[in-house]
Amino acid sequence: MFQAGFTIRIGNGASRVWYDNWSGKGPLCLKVSHVDIQDRDLRIIDLIQDGKWNLNLLATPLNDEINRLFLQPPL
């Protein structure tokens, strides 16, 4: 009932991309086949450039569900 009025909040960007529940959908590591070792320590702030997601930095393959999540502008 309330879902339409809620949005993702990433706070100060210190949340870990793959292992913290920053999206409200659980840890994203559970939604991919594997997390590439070079992405292991990435924080949200590492993927934001000029107010937009910079997913070119990711080596982990993204599925459709995660791609849709990143289509939203970071808050």
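Residues numbered from 1 in each chain as written. Predicted model: local features only at pLDDT ≥ 70, side-chain atom pairs only at ≥ 80, totals over all residues. Heavy atoms only, no water.

1. A few points about the pattern of salt bridges
As a working rule, side chains carrying opposite charge can pair if their charged atoms are close by.
(1) Moving on: In this structure the tally under the stated criterion is three salt bridges.
(2) Moving on: The shortest N-O distance in the salt bridge between Asp20 and Arg16 comes to 3.1 Å.
(3) Moving on: Judged by relative accessible area, which is 32%, Arg16 ranks as partly exposed.
(4) Moving on: With its nearest N and O atoms 3.2 Å apart, the salt bridge here joins Asp41 to Arg40.
(5) Moving on: For Arg40, a relative accessible area of 45% corresponds to the partly exposed category. (Salt bridge = Lys/Arg side-chain N within 4 Å of Asp/Glu carboxyl O. Buried < 20%, exposed > 50% of the residue type's maximum accessible area, 1.4 Å probe, protein only.)

2. Quick word on the environment of Gln49
(1) Moving on: With respect to the helices and strands, the residue Gln49 is situated in strand β1 (residues 48–49).
(2) Moving on: A polar side-chain atom of Gln49 sits 2.6 Å from a polar atom in the side chain of Asn54. (Helix = DSSP H or I, 4+ residues; strand = E, 2+ residues; numbered from the N terminus. Polar contact = N/O pair within 3.5 Å; in protein donor to acceptor, adjacent residues only side chain to side chain.)

3. A short note on the nonpolar core
(1) Moving on: Grouped together as the largest cluster of nonpolar side chains are 13 residues, with contacts concentrated most on Val17, Trp18, Trp22, Leu28, Leu47 and Phe70.
(2) Moving on: Per-element accounting of this core gives the leading share, three residues, to helix α1 (residues 64–71). (Core = buried A, V, L, I, M, F, W, Y, C linked by side-chain atoms within 4.5 Å.)

4. Overview of the side chain of Thr60
(1) Moving on: Tracing the chain through its elements places Thr60 in the loop between β2 (52–53) and α1.
(2) Moving on: In this structure Thr60 comes out as buried when scored by relative accessible area, which is 4%.
(3) Moving on: Within the structure, the side chain of Thr60 is placed 2.8 Å from the backbone nitrogen of Asp36, a separation counted as a polar contact.
(4) Moving on: There is a polar contact of 2.6 Å between the side chain of Thr60 and the side chain of Asp39.
(5) Moving on: In this structure Thr60 touches Trp18, Val32, His34, Val35, Asp36 and Asp39, once residues within four positions along its chain are discounted. (Contact = heavy atoms within 4.5 Å.)

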